[in-house]
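# Descriptive analysis of the structure
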Amino acid sequence: MNYQLELLHSLLKDFLHGESALLTTDGEVLAVRGSQGVSYGTLVTAATTTSKYLKLQEGDITLLNDPYSGGTLLSDMTFIMAVSEDLLWVTRRSLPEHVKIAKSVEEEGLRIPPTPLRQKNQLNEMILSAMQAHPACPGRLVDWLKEQCQDMTVRAQKLLEAIELTGFTVTADLIENYISLSRKSATQKISERASGETRVDIVLDSGELLRLNMEIHDGRVSLDFSGTSAAKTVALTESATYGVCFHALSRYYGFEDLANSGSFSILQITKPAGCWLIGKYPAATYKGMTCGAAALQTAMELALAQIHSKQEKALSSHCPLRFSLRHNQHETLLVLSGGEGAQSGEAGRNAHLPSFSIEQMERDFPVKFHRVDVRHSTGGKGTFNGGRGIVIKLETRAEVEAAWMTDLTLHRPRLPKHCTHGDPCEVSLEFDGAHKTLPVLGQQKFSAGAVLTLCSGSGGGFGKD
Amino acid sequence: MQKSVLLGVSVGESFAEFSLLSDSKPLAQKRVYLSRENLKQSLQQFVGEHSATTPAHAFVSLRLPKKLLNYELSGAVAHITTEGFEHWLDVCGTNNALTNKDLLFSLHERVLADGRVETPLKAEDLEAIAAKLKLVDCKKVCLHLLHASTNPVHENQAREVLQSHGLEVFVPAKTDNPDEVSRWRRNALNATISSVFAERKAEITGALDGVLGESQIHFLDGAGGKAISANSALDGLFAAASALGYDKGAGHDVLYLGFEHFLFISGKEWDSAWQSPWGAVENKHRRCKELGIQPTLGIALNNFGRFDFTSQQESWEPGPMFLGRGQKPTLLDLWAENAKLGKLGGLEDRLSAPGIQRFKNALFALSKISQTRDTDVGHLTKEMQSLTLQRIAMESYLERRSSKLVVTGPLAAVFANAFKKDANTTVDNDEYSESAATARWGFQVLQGSL
């Protein structure tokens, strides 16, 4: 059959779910899938870092969550498995996340460097026990890890059976051809749109500057971050930076389903040593992986909108508002996404909440929800309005502990001429008849009777009236 | 199982299937293409042709067309919620709106998590809403009040007042599910499709009028083969899949290769929710998944400029090009000249020679701009058929939960070659397995309840 390429492509699509990647042991990336930009760089780094220090045999599984080894948030566990002697499967699965404001990555939680979890068909009980004994170990982690290992083993076995029983042979030539065609396709998609260069500056509230020089020529993209400042409190890792940039580009040009070594080769990034985009251990990364990544995504979209001036799109609110609540043994995180930017002929889409139960929240926490709705924005106006953010208003009925983090780019960047800014995220408090706006990030205890209003950002508008 | 004559009816989006079984074995079977034939008349005719054999019971699995789940197509539904949560379902959902903005109302009432009434409901608020609904001629209302499952006092009060105004009131079913979002969403969808369900039900009961009484016609749900009503119509969405899982699975996996979809059904696992286009909906059914490869996927050039399947499914109205009216080449068109396809119930005598030729012309035109430089349509067809079989086999291996797999459905015989190397797969040539399974499962459940 001559359609082996299409079969390989569909196999990768069917096998890879969530944030995951498949690589050869030689380091060739066959595919990366995921909805988070950071995954497009970190999953590959996780595999290469692991391969550098550990020799994985077929069926072996390694675990990491260390952001400096290819992890992202400490609550996101990255598993690297040798599916066969030629293939590595990297998949990321999440534990419940909580807002963590800390000065170093060690204070953010249990940091796991590449650690052999399963070797020669046996779980490494000694390592699991050591993890369990760590004071920052999340509850039930060991049982959860065992379940993941079991699931991964079954899925890897199915992949091998599927390849064997259908008589499909994944040869080196086929991989080379697939990667070469992916590169060609990505180059073509970029070169047929436009070329040019631009510069974007974004200042974070914490004082960091993000300076992006983008050049697009002959279907290749060069990003130069010279001028970007050093980390103060926000730090992103090098692989996460690459991932966010690649994801923004591939989505813009429509080749995100061809994320592999071929399409990766169209992107060249220059970063000055010491800038916050290549944070160094032991800098805390929670803020970087959330708000920092969102700021970088905003910079990429802005640069692309400036170069492709005929297809201008207003800025979306990329940074969700994260709000953690803690009471007794219960802890939960509300993630309020922002609205989408408008474009010519189309209003931005409103934000949506990941499904959660208000009734269950009210049973678990001493809170009473007053309102959950789309936000009545004042910003993001234009001929086409930006998508609205979300508003949640809740009242505490006993003392609860909360931590929150909103968009750290309240210093608004310059926009293309047809676009307007949307509303920023906002957290406000009403207590004892007084009303005040809370800082963009914080953690504190609220006593009974406090009314909190959480608003995620809205998208920018298009077309000035 | 005692010897009994049963009628199984399986109604999908574009095809309906009838099976008359005696002692679980088929006496007569038929499939109709609903774009060209009327459901009521076809069923009436089928039963009439076999009038010598009167069924004791009829079991129906009804999968309502997804497009009819749009409120605009099946009557307006108003939503009444606790004040402050008017948009809760949509905020927590997807970009597909489930509610009509003009028909959203709220009540100034509040029940707390422990069931205490904090803000009592005022009857005059309900009267005002009822008056507005009368003005816009809206007949159906969903009541979604917070913590009504803990203390339904306001829900009952509101239902009573609204019903007294002649409104049809839908309230979420009381279940163990603590998540109000999926319960409310299920209630909203039930309200939306209730009239369509009632119409379909009337067609089927009308067709069986004089043969079976209403109590002998059972519309099955997907959870346990129990009977459903118009108020719980959504529960029937997966009845056919659950029936196939019971009938063919026996603990094994089932791959159903039908005209409308290729569905992978787990014989032993269940899902408690349906991931609908509006978000998660409470709906218990056998775990099943539509494969990425589907019978009506379009054929186009991919990013590499080579032939491939699109991710867009074409509908059966107008259907594949081989039926004569379709404009886009689809996967099933590749088998247009396969003798087995033309003999399948529902398609026999419908294949159109000009349609088949148009498909070949479309393939040839695409080949001229493709990167493969292969303009031999016959060769291209064979290559794409091969890709189809490999993809079906590959995906079903990846989805497997059990060591054994049963492949069934009208297209099982056509695609049987995909599994020839696998000793753990059995190809079941029961072309009418959906309706037969519906009858057998329904009867099993009925016997169990006697």
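What counts and how
- Residues numbered from 1 in each chain as written.
- Chains lettered and ligands numbered in written order.
- Predicted model: local features only at pLDDT ≥ 70, side-chain atom pairs only at ≥ 80, totals over all residues.
- Heavy atoms only, no water.
- Helix = DSSP H or I, 4+ residues; strand = E, 2+ residues; numbered from the N terminus.
- Rg over C-alpha atoms; globule rule 2.2 N^0.38 Å.
- Buried < 20%, exposed > 50% of the residue type's maximum accessible area, 1.4 Å probe, protein only.
- Areas by Shrake-Rupley, 256 points an atom, 1.4 Å probe, with all protein chains shown as cover.
- Lys, Arg positive; Asp, Glu negative; His and termini not counted.
- Charge placed at Lys NZ, Arg CZ, Asp CG, Glu CD.
- 1 Å grid on protein atoms, 1.4 Å probe; cavity = no way out; pocket = protein on both sides within 12 Å on 5 of 7 lines; lining within 4 Å.
- Points joined across faces, edges and corners; volume = space filled by probe spheres on them.
- Nonpolar A, V, L, I, M, F, W, Y, C, P; charged D, E, K, R; others polar.
- pLDDT = per-residue confidence, 0-100.
- Contact = heavy atoms within 4.5 Å.
- Buried area = accessible area lost by both parts, 1.4 Å probe.
- Salt bridge = Lys/Arg side-chain N within 4 Å of Asp/Glu carboxyl O.
- Domains from an automatic or database assignment.
- Phe/Tyr/Trp six-rings, centres within 6.5 Å; stacked < 30°, edge-to-face > 60°.

### A short note on the overall build of chain B
Summing up its helical and strand segments, chain B has 10 helices and 18 strands in all. For 450 residues, the compact-globule estimate of 2.2 N^0.38 gives 22 Å, and the C-alpha radius of gyration of chain B, at 24 Å, lies within 12% of that figure. Seen through its C-alpha atoms, chain B measures out along the principal axes to roughly 75 × 55 × 40 Å. For chain B, with 450 residues in total, the buried portion stands at 59%. In the form shown here, chain B has an accessible surface area of approximately 17700 Å², with 48% of it arising from carbon and sulfur atoms. Treating the 49 positive side-chain charges of chain B as one cloud and the 53 negative ones as another, the clouds have centres 6 Å apart.

### Details of empty space enclosed by the protein
Residues and elements named next belong to chain A. Taken as a whole and judged by the stated rule, the model has 8 cavities of 30 Å³ or more. Size it by volume and the largest cavity reaches roughly 220 Å³. What lines the largest cavity is a set of 21 residues, among which Leu315, Ser316, Ser317, Asp407 and Arg412 lie closest to the centre. Of the residues assigned to the lining of the largest cavity, the class counts are 7 nonpolar, 11 polar and 3 charged. Here the second largest cavity defines a volume of roughly 120 Å³.

### Overview of the confidence of the model for chain B
Caution applies to low-pLDDT regions: their predicted coordinates should not be interpreted in detail. Residues and elements named next belong to chain B. For chain B, the mean per-residue pLDDT works out to 92, and 96% of the residues sit at or above 70. For chain B, helix α6 (residues 239-249) is the element with the lowest average pLDDT, namely 91, and strand β7 (residues 110-111) is the one with the highest, namely 98. In the model output, the complex is listed with pTM 0.94 alongside ipTM 0.91.

### Here we look at the interface of chain A and chain B
With 48 residues of chain A at the interface, the matching set in chain B holds 50 residues. Summed over both partners, the interface of chain A with chain B comes to about 4300 Å²; 54% of that surface belongs to carbon and sulfur atoms. Taken together, chain A and chain B are joined by 5 salt bridges. A salt bridge links Arg110(B) to Glu362(A), with the nearest nitrogen and oxygen atoms 2.4 Å apart.

### With respect to the domain arrangement of chain A
Residues and elements named next belong to chain A. Per the domain assignment, the segments making up chain A are domain 1 (3-182) and domain 2 (314-465). Domain 1 and domain 2 are separated by 33 Å when their C-alpha centres are compared. Listed per partner, the contact involves 4 residues of domain 1 and 12 residues of domain 2. Surface buried jointly by domain 1 and domain 2 totals about 690 Å² across both partners, of which 62% is contributed by carbon and sulfur atoms. When the buried area of domain 1 at its contact with domain 2 is split by residue, His98, Val99 and Ile101 rank highest and sum to 76% of it.

### Topic: the pattern of salt bridges
Residue and element names in this part refer to chain B. In the structure shown here, the tally under the stated rule is 44 salt bridges over all chains. For Arg401, the salt bridge identified is with Glu269, shortest N-O distance 3.4 Å. Here Arg401 is found in the loop between α9 (377-399) and β17 (405-408), whereas its partner Glu269 is found in strand β13 (residues 262-276), with 132 residues between them in sequence. Arg401 sits in the partly exposed class, given a relative accessible area of 40%. Given a relative accessible area of 23%, Glu269 falls into the partly exposed group. Glu337 is the partner of Lys360 in a salt bridge, and the nearest nitrogen-oxygen pair spans 3.0 Å. Of this pair, Lys360 sits in helix α8 (residues 353-369) while Glu337 sits in the loop between β16 (307-313) and α7 (339-342), and the two are 23 residues apart along the sequence.

### Re the packing of aromatic side chains
Applying the stated criterion to the full structure yields 24 aromatic pairs over all chains. Aromatic side chains Tyr68(A) and Tyr281(A) sit 6.1 Å apart centroid to centroid with 90 degrees between the ring planes, which places their arrangement in the edge-to-face category. Note that Tyr68(A) is positioned in the loop between β3 (61-64) and β4 (76-82) and Tyr281(A) in the loop between β11 (267-270) and α9 (286-307), a separation of 213 residues in sequence. You can call Tyr68(A) partly exposed: its relative accessible area is 23%. A ring pair is formed by Phe259(B) and Trp316(B), whose centres lie 5.8 Å apart and whose planes are at 50 degrees; its orientation type is tilted. Remark: Trp316(B) occurs in the loop between β16 and α7 and Phe259(B) occurs in the loop between β12 (253-257) and β13; sequence separation between them is 57 residues. Each member of the pair Phe259(B) and Trp316(B) is classed as buried. Ring pairing ties together the aromatic residues Tyr40(A), Tyr242(A), Phe246(A), Phe255(A) and Phe264(A), which thus form one cluster.

### Let's talk about the environment of Phe238(B)
All names here are of chain B. Structurally, Phe238 can be placed in the loop between β11 (217-219) and α6. The class of Phe238 is buried, set by a relative accessible area of 14%. For the pair formed by Phe238 and His285, sequence separation is 47 residues and the distance between their alpha carbons is 6.2 Å. The contact partners of Phe238, leaving out residues within four places of it in the chain, are Gly222, Trp274, Asn283, His285 and Cys288.

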